[in-house]
Amino acid sequence: MKKILALTVVLVATIQIQAQQKPIYLDPKAPMEERIGDALGRMTLEEKIAMVHAQSKFSSPGVPSLGIPDNWMTDGPHGIRAEVLWDEWNTAGWTNDACIAFPALTCLAATWNEDMAALYGKSIGEEARYRNKNVLLGPGVNIYRTPLNGRNFEYMGEDPLLASRMVVPYVKGVQANGVAACVKHFALNNQEIRRHEVNVNVDDRTLYEIYLPAFKAAVQEGGAWAIMGSYNRYKGQWACQNQYLLNDILRTEWGFDGVVISDWGGVNDTMQAIYNGLDMEFGTWTDGLNFGQSNAYDNYYLADPFLKLIRSGEVKEAEVDRKVRNILRLAFRTTMNPERPFGSFATEAHGDAGRKIAQEGIVLLKNTANVLPVDLKHTNKIAVIGENAIKVMTVGGGSSSLKVKYEVSPLAGIQSRVGDEAEVVYARGYVGDQLAGQDGLSTGENIADNRTPEELIVEACKVAAEADYVIFIGGLNKNPGQDCEGDDRASLGLPYGQDKLIDELAKVNKNLAVVIISGNAVAMPWVDRVPSIVQGWYLGSEAGNALASILVGDVNPSGKLPFTFPVRLQDSAAHSVGEYPGGEEETYNEGIFVGYRWVDKQKTKPLFSFGHGLSYTTFEYGKVTADKKEMTQDGKMTFHVKVKNTGSREGAEVVQLYIRDVRSSLPRPVKELKSFHKVRLAPGEEKEVAFTIDRTALAFFDDAKHEWVAEPGDFEAIIGASSTDLRGKVSFKLK
Ligand code: BGC
């Protein structure tokens, strides 16, 4: 009897402990892989299949029976997209989803400041988190191959090192909020024309040296939890279901353990989608169901067709398990992470962050006779001319289009900064497309104007002639055919007759500053007739305030170009020797010679070079020195250069280190960017900048060996204020 009693006590106690014990998958302290295995073991096949494809435009189911929440994605990459209807692209009409728009990623890259990338990531991550999204569809790091690519504004320029350095803090900043950064579009999506079918032919060396490094850095250094496959094909397979890109490179070579998400409508085949590395299918329109028809989700390639294949035994359940493991890992990192913060939305702090990034990214391209900054003490009247001074720029461009809490236009920013210090008058000057809305969003402004180009020019010139200063604000916009997803630009030239207008303005007033708002290089046939030129980018909510602060000199410009401005389109490699826009096939004949690498090789003179950007102060560079004469294969080497602010105001300079391989067995670029530092200097102040490199800065990718090789021999470390403004160099050897 005693024995029975004791046994009962033990049994009851065990049951109680078991009842109190959480399942492993719910224990945040349990090892990640154990949690994943535990959750997976509790799921039905149907639950697994549900997880690997969308259930709405931007969500996919979690595991309701296990309390694992749905996954909610959001564009990205410049702000949190407005809520859309469950099954449609149309906005849902919420009244609490107006975000802060941050500057476009070209502007972020132009800051050449990793702290700005960290601030950007932190801030946008907080916005995503507050809105209960666990995946931010961004940042984009496709390399700027041609100035015609309609989506360049969403990317970080032409150089793999610059994009790599800038993407890492962005990813980390986002993910510190328990929100996955989904780095896109992997890979070789370098144009919008024919993006859904083009098969990109590129040699391995170019792939590894130019088009992959920023993705690799995002994965290995940034620890990105998600990657988005691109629309195009590579080696004949669509990138979202690509053995080479996803299985061989991303998973096997780089050890990526996050989720691969398809671009919206980027999946085209069930078998390849099952086996070639994809985890989540989004945005597909399938099986004769027309574009946009509701409830097509069961017909997704990874929905019923996948389920049937597993049920019939043609495909093993292990295939869906592999995907679900990655998706569960995403859940444990994001929605199921009890430590994640709560985020914040549309705050003043985020506005300030956006302004700061914008101020550091604006590039002063030209400033002869120091026309800028506007000298308010001696100015009575400022004429602001141009449509981009008033046009809403946060709406448009495609998937990155934003519904914002506010957007300060350049004109409003200038007016508010100048106040009563001078009179500000405005004239339109030219009229572009006059869309009242785009991407399901209304611009909220009516800028219709039916006057002829001649009438507009006459008015603008009259206003300009009577002013002390003329600030022209034009460039591109985010309407289709400009800087906009879905198509490329038709030419390098400015649209809407702006060249003629600028020429006329230059004739009537010599105090002319031209501000180009764009995410791309534009042709400037008037460059010699205009004293001051500013590259203004798409600057987000704080656009006008940021621009005004640069124009009047409250902030000293310190941005540098993240891509080359060619004089003519033919000066860009893709248009000279590359196949652009290609047909079904497109070969990147220019190989590794993209951007300044092509400029150096051809010895052409660009309109404005990669890395170029002026300041209102001046910097003097000292002699470049090296800490040793020879570096060993596993050693390091440090170069020093002193930089002095020789002007009369505080400023920041981006000091750039390029490496030249003097002789090598394979053709190499004349030089390549390998490091940079942004130094802030008070007037008269001098600082020593140090660059430490190892063999990775000297290596090239040897296709034959399929590895990075640093060949012994002679090298040069070249210090530049841009890729063409070189200030000093030192030779060294690799043993
Ligand atoms: C774009 C992606 C975007 C997705 C969702 C696609 O068309 O290429 O960048 O994240 O739509 O809006």
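Keep in mind the model is a prediction, meaning the values are calculated, not measured.

K.L.:
Give me the overall build of the protein: which residues, what numbers.
P.N.:
Helix and strand content of the protein: 19 helices and 29 strands. Taken against the 2.2 N^0.38 rule, which gives 27 Å for 735 residues, the C-alpha radius of gyration of the protein at 27 Å falls within 12% of a compact globule. Each principal axis of the C-alpha atoms in the protein carries an extent, and together these give about 105 × 65 × 55 Å. A buried classification covers 62% of the 735 residues belonging to the protein.

K.L.:
Any chance you could break down the pairing of strand β15 (residues 469-475) for me, citing the residues and the numbers?
P.N.:
When you tally the buried positions in β15, you get seven out of seven residues, the bulk of the element. Judged by which residues are buried, β15 turns out to be covered on both faces: Tyr 469, Ile 471, Ile 473 and Gly 475 on one side and Val 470, Phe 472 and Gly 474 on the other are all buried. Pairing between strand β11 (residues 381-385) and β15: four bridges, direction parallel. Each bridged residue has a counterpart across the sheet, and for Ile 382 the counterpart in β15 is Tyr 469.

K.L.:
Now, about the packing of helix α14 (residues 410-418) against helix α17 (residues 543-551): what can you tell me, with residues and values included?
P.N.:
Direction vectors running N to C along α14 and α17 enclose 55 degrees, while the axes themselves pass 7 Å from each other. On the basis of their axis angle, the class for α14 and α17 is oblique. Our pair here, α14 against α17, has a crossing hand that is right-handed. In this structure, α14 contributes Pro 410, Gly 413, Ile 414, Ser 416 and Arg 417 to the contact, and α17 contributes Gly 544, Asn 545, Leu 547, Ala 548 and Leu 551. For the contact of α14 with α17, the class distribution of residues is five nonpolar, four polar and one charged.

K.L.:
Got a sec to walk through the pattern of salt bridges? Specific residues and values, please.
P.N.:
When charged atoms on two side chains of opposite charge get close, those side chains can pair. Taken as a whole and assessed by the stated rule, the structure comprises 50 salt bridges. The closest approach of N and O atoms between Glu 653 and Lys 560, which form a salt bridge, is 3.1 Å. Here the residue Glu 653 occupies a position in strand β23 (residues 651-661), and Lys 560 occupies one in the loop between α17 and α18 (573-576), the gap between them amounting to 93 residues. Residue Lys 560 is classed as buried on the basis of its relative accessible area, which comes to 2%. What emerges from the salt-bridge pattern is a single network uniting Arg 151, Glu 154, Glu 192, Arg 195 and Glu 485.

K.L.:
Tell me about α17, residues and numbers included.
P.N.:
A large share of α17 lies buried, amounting to eight of its nine residues. Among the residues of α17, Ala 543, Gly 544, Ala 546, Leu 547, Ala 548, Ser 549, Ile 550 and Leu 551 are the ones counted as buried. Here the buried face of α17 lies against α13 (348-361), α14, β15, β16 (512-517) and β17 (532-535). Gly 553 sits one or two positions beyond α17 and adopts a positive phi of about 90 degrees.

K.L.:
Could you give an account of the nonpolar core, naming the residues involved and the relevant values?
P.N.:
In this structure, Leu 108, Phe 186, Ile 261 and Leu 328 are the most contacted members of the largest nonpolar core, which totals 127 residues. The element that contributes the greatest number of residues to this core is helix α6 (residues 160-175), accounting for nine residues. In this view, Leu 108 contacts Met 116, Ala 117, Tyr 120, Met 156, Met 166, Tyr 170 and Ile 357; residues no more than four positions away in its chain are not counted.

K.L.:
Please set out helix α9 (residues 243-253) residue by residue, giving values where relevant.
P.N.:
Turning to α9, its buried residues number three or more, namely Leu 245, Leu 246, Asn 247, Ile 249, Leu 250 and Arg 251. Measuring from the side-chain oxygen of the N-cap residue of α9 to the backbone nitrogen of Tyr 244 gives 3.0 Å; that N-cap residue is Asn 242. Gly 255 occupies a position one or two residues after α9 and carries a positive phi of about 70 degrees.

K.L.:
Go over the sheet that holds strand β2 (residues 71-75) with me, naming the residues and quoting the values.
P.N.:
In spatial order, the strands read β1-β2-β3-β4-β6-β9; together these six strands make up an open sheet with mixed pairing. Edge positions in the sheet fall to β1 (59-60) and β9 (259-261), since each of these pairs with one other strand and no more. In the sheet, β1 pairs with β2 via two bridges, with the strands oriented antiparallel. Across the sheet, residue Ser 60 finds its bridge partner in β2, namely Asn 71. Strands β3 (135-137) and β4 (180-186) of the sheet are contacted by α6, whose axis makes an angle of about 140 degrees with β4.

K.L.:
Break down the site of the ligand for me, citing the residues and quoting the values.
P.N.:
Taken together, 15 residues surround the ligand, and among them Asp 75, Arg 151, His 185, Asp 263 and Glu 485 come closest. In the environment of the ligand, an oxygen atom lies 3.2 Å from a nitrogen or oxygen atom belonging to the side chain of Arg 81. Glu 485 places a side-chain nitrogen or oxygen 2.8 Å from an oxygen atom of the ligand. Coverage of the ligand by the protein chains reaches 96% of its 310 Å² of free accessible surface. Residue composition of the shell around the ligand, by class: six nonpolar, two polar and seven charged.

K.L.:
So what about the environment of Leu 402? Which residues, and what values?
P.N.:
Considering the arrangement of structural elements, one finds Leu 402 in the loop between β11 and α14. Put simply, Leu 402 and Arg 195 are 207 residues apart on the chain and 23 Å apart in space, counted from C-alpha to C-alpha. Among all residues touching Leu 402, those that are not within four sequence positions of it are His 78, Gly 79, Ile 80, Arg 81, Cys 99, Ala 101, Thr 394, Val 395 and Leu 441.

K.L.:
Explain the sheet that holds β11 residue by residue, including any values.
P.N.:
A sheet is described by the order of its strands in space; here six strands give the open sequence β10-β17-β16-β15-β11-β12, paired in mixed fashion. For this open sheet the edge positions go to β10 (363-367) and β12 (423-427), each flanked by a neighbour on one side alone. Looking at each pair of strands side by side, their axes are set apart by 20 degrees on average, direction ignored.

K.L.:
Which residues make up the state of the cysteines, and what are the values?
P.N.:
Under the criterion given, the structure shown has zero disulfides. Free of any disulfide, Cys 484 has its nearest neighbouring cysteine sulfur in Cys 99, separated by 17 Å.

K.L.:
Please set out the environment of Ala 39 residue by residue, giving values where relevant.
P.N.:
Looking at where Ala 39 falls in the secondary structure, it is placed in helix α2 (residues 32-41). Between the C-alpha atom of Ala 39 and that of Leu 26, which follows or precedes it by 13 residues, the distance is 8.6 Å. Ignoring sequence-local partners within four residues, the contact set of Ala 39 consists of Tyr 25, Leu 66, Ile 68, Leu 328 and Phe 332.

K.L.:
Before we move on, can you summarise unusual backbone geometry with the specific residues and values?
P.N.:
Following Asp 75, the chain continues to Gly 76 via a peptide bond in cis, the omega torsion being -5 degrees. Within the element layout of this structure, Gly 76 appears in the loop between β2 and α4 (105-111). The residue after Phe 186, namely Ala 187, is reached through a cis peptide bond having omega 0 degrees. Structurally, Ala 187 is set in the loop between β4 and β5 (199-201).

The rules behind the values
Residues numbered from 1 in each chain as written. Predicted model: local features only at pLDDT ≥ 70, side-chain atom pairs only at ≥ 80, totals over all residues. Heavy atoms only, no water. Helix = DSSP H or I, 4+ residues; strand = E, 2+ residues; numbered from the N terminus. Rg over C-alpha atoms; globule rule 2.2 N^0.38 Å. Buried < 20%, exposed > 50% of the residue type's maximum accessible area, 1.4 Å probe, protein only. Pairing = 2+ DSSP bridges. Axes fitted to C-alpha atoms, helices over the stretch in contact; angles between N-to-C directions. Parallel < 35°, antiparallel > 145°, perpendicular 65-115°, else oblique. Left-handed = near helix turned anticlockwise from the far one by under 90°. Contact = heavy atoms within 4.5 Å. Nonpolar A, V, L, I, M, F, W, Y, C, P; charged D, E, K, R; others polar. Salt bridge = Lys/Arg side-chain N within 4 Å of Asp/Glu carboxyl O. Core = buried A, V, L, I, M, F, W, Y, C linked by side-chain atoms within 4.5 Å. Polar contact = N/O pair within 3.5 Å; in protein donor to acceptor, adjacent residues only side chain to side chain. Near = heavy atom within 4 Å. Areas by Shrake-Rupley, 256 points an atom, 1.4 Å probe, with all protein chains shown as cover. Disulfide = S-S within 2.5 Å.

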